[in-house]
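Working through the structure, step by step
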Amino acid sequence: MFRVAWLVAKKDLRIELRSRVLLWQVVPFGAMALLLAGLALGPAHAGNSPAGPGLFYLVMLFVALLMINRSQVIEATPGTRASVATLGLDPAGVFLGKALALSIELWVSGLVLLAGTVLVLHTALHGAILALPSVLVTLIALALAGTLYGALTAGGEGASTLLPVLCLPAFAPLLIAGERSFSAALGTAGLWEWWVIVLVAVLAYGGVGILLYGVLEES
Amino acid sequence: MIKQLSQRLLGPVTLVLLVATIWLGLWVTPPDKIQGNLVRLLYVHPAIAWVALYVSFGTATIASALFLWRRTRSWVMDRVAHCAMEVSVVFIILTLITGSIWGRPTWGVWWAWDARLTSTAILGVLALGYLALRRANDDPTLRAKRSAVFAILSAINVPIIHFSVQWWKTLHQGATVFTSSRTLLVHGSMAWTLLISFVGFTLLFFWLLRARYRLEVERETNQRAALEQALIARQREGAL
């Protein structure tokens, strides 16, 4: 399972490195969205705003949706699904591999956007560094859930519009938990227990994905 | 014989229990010491929420799991899951509406960013997402498998809603019928009205589910007949 996961993750990351969609399209889009969020708050409120963690996760949500869609588009290229089926790869491994690749892509975007939050929204640097572990784990949870929801909508009618409809309600608790742990790191909320929600989500989505991804693949 | 009788009696019994709930709730039970007549809405709201979260969403989730399990896989399970989810959407909307009507005079607002309210609204969007997902796939097997996985994933939200009043500081009250040690907190006519309301709305769910299921079977039969007719017409065109 883990060998297959590593192979799939390497394949997805190699495609991403060659196409540079993340670097030239998704990250600039995220940076622009963060800038617009600051503009929406206004010059008087954008700096040191308690909304910083929330805006970071809101932008991360948009970035995640783009990356999940992208992760499924890779699989939709002619012959990919057929070759995966012919090779008889373990579906649990495929799920973990795709989630791992998506996690790494989200981490890269997350680090850039976190730096952007410190730079543009003046979020305290030490708070952002303290929040880093919770951000990384929340992004793993988003990647695991996103891989599942991406597979659910893949190839369906209006898949790109259906994906946010299915993902947003499922991501809401994760984003709230992520934002609260970020705020806790900044000292504006004493709610480290929000970590528990994120960890439970990682286990739940990981477990469901390992068990049921095969059903989605065979369909 | 028993099956036929229970099917025939389901509608009338449901109607009697719902009428009894209205009668007891509006005329027999006394007004609450603090809430006054507003308490009468609580004979309906918890029962509707019970059906929305546990009975209908639970039925949809169990039927989905049974569809995914190869041993119990059948189109009946897929239909039950689909129909239960549709009924669930109706009951979730009713839960939010009745809660909102109660919330306005009690909390002063129609909507509050409360953990119980927000998580219930999220469940409603998930249920709508399930119906959207079904419409997005034409292949019946693909549609059934994907929507079954989605229903199971969405069910993760149900325990969050249930425990939200314990996990977070919420405006929404905690358990009011039973304490955590299973001691009954409601007595007399109020308790009976609540019990009748819970049974009545649960039966209403099963009545609606049965009606919707029959409609679905009818729709599928008509669809197959229309397809066969179209094929015959094409064959005739080819023969000419």
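The structure displayed is predicted, hence computed values, not measured ones.

Right, let's get into the overall build of chain A. Secondary structure summary: chain A contains nine helices and zero strands in total. Mapped in sequence order, the helices and strands of chain A form the string α-α-α-α-α-α-α-α-α. For 219 residues, the compact-globule estimate of 2.2 N^0.38 gives 17 Å, and the C-alpha radius of gyration of chain A, at 17 Å, lies within 12% of that figure. A principal-axis box enclosing the C-alpha atoms of chain A has dimensions of 60 × 35 × 30 Å. In chain A, buried positions account for 53% of the 219 residues. Looking at chain A alone, contacts between residues at least 24 apart form 83% of all its contacts between residues at least 6 apart. Accessible surface, chain A: about 9600 Å² in total, of which carbon and sulfur atoms supply 73%. If the 10 positive side-chain charges of chain A are averaged to one point and the 10 negative ones to another, these points end up 11 Å apart.

Applying the stated criterion to the full structure yields 10 salt bridges over all chains. Its salt-bridge partner being A:Asp12, residue A:Lys11 comes within 2.9 Å of it at the nearest N-O pair. The exposure class assigned to A:Asp12 is buried, which follows from its relative accessible area of 2%. Linking B:Glu216 and B:Arg212 is a salt bridge whose minimum nitrogen-to-oxygen distance equals 3.1 Å. Remark: B:Arg212 and B:Glu216 occur in helix H7 (residues 188-239); sequence separation between them is four residues, near one turn of the helix. Side by side, B:Glu216 and B:Arg212 carry an identical accessibility label, which is buried. Through salt bridges with shared partners, one network takes in B:Glu86, B:Arg212, B:Glu216 and B:Arg219.

This next bit is on the confidence of the model for chain A. When the pLDDT values of chain A are averaged, the result is 85; 95% of them are 70 or greater. Across chain A, the secondary-structure element scoring lowest on mean pLDDT is helix H3 (residues 43-46) of chain A, at 70, and the one scoring highest is helix H6 (residues 91-120) of chain A, at 91.

Across chain B, pLDDT averages 88, with 98% of residues at or above 70. Here helix H6 (residues 157-167) of chain B is the element of chain B with the lowest mean pLDDT, 82, and helix H2 (residues 45-68) of chain B is the one with the highest, 94.

Let us now look at the packing of helix H3 (residues 75-107) of chain B against helix H4 (residues 115-136) of chain B. Residues and elements named next belong to chain B. Orientation of H3 relative to H4, taken along the N-to-C sense of each, is 150 degrees, at an axis distance of 9 Å. The orientation of H3 relative to H4 falls into the category roughly antiparallel. As for the relative orientation of H3 and H4, their crossing is left-handed in sense. When H3 is examined against H4, the residues Asp-78, Ala-81, His-82, Met-85, Glu-86, Val-89, Ile-92, Leu-96 and Trp-107 are found in contact with a partner set consisting of Leu-117, Thr-120, Ala-121, Leu-123, Gly-124, Ala-127, Leu-128, Tyr-130, Leu-131 and Arg-134. Class assignment of the residues belonging to the contact of H3 with H4 gives a composition of 13 nonpolar, three polar and three charged.

What counts and how
Residues numbered from 1 in each chain as written. Chains lettered and ligands numbered in written order. Predicted model: local features only at pLDDT ≥ 70, side-chain atom pairs only at ≥ 80, totals over all residues. Heavy atoms only, no water. Helix = DSSP H or I, 4+ residues; strand = E, 2+ residues; numbered from the N terminus. Rg over C-alpha atoms; globule rule 2.2 N^0.38 Å. Buried < 20%, exposed > 50% of the residue type's maximum accessible area, 1.4 Å probe, protein only. Contact = heavy atoms within 4.5 Å. Areas by Shrake-Rupley, 256 points an atom, 1.4 Å probe, with all protein chains shown as cover. Lys, Arg positive; Asp, Glu negative; His and termini not counted. Charge placed at Lys NZ, Arg CZ, Asp CG, Glu CD. Salt bridge = Lys/Arg side-chain N within 4 Å of Asp/Glu carboxyl O. pLDDT = per-residue confidence, 0-100. Axes fitted to C-alpha atoms, helices over the stretch in contact; angles between N-to-C directions. Parallel < 35°, antiparallel > 145°, perpendicular 65-115°, else oblique. Left-handed = near helix turned anticlockwise from the far one by under 90°. Nonpolar A, V, L, I, M, F, W, Y, C, P; charged D, E, K, R; others polar.

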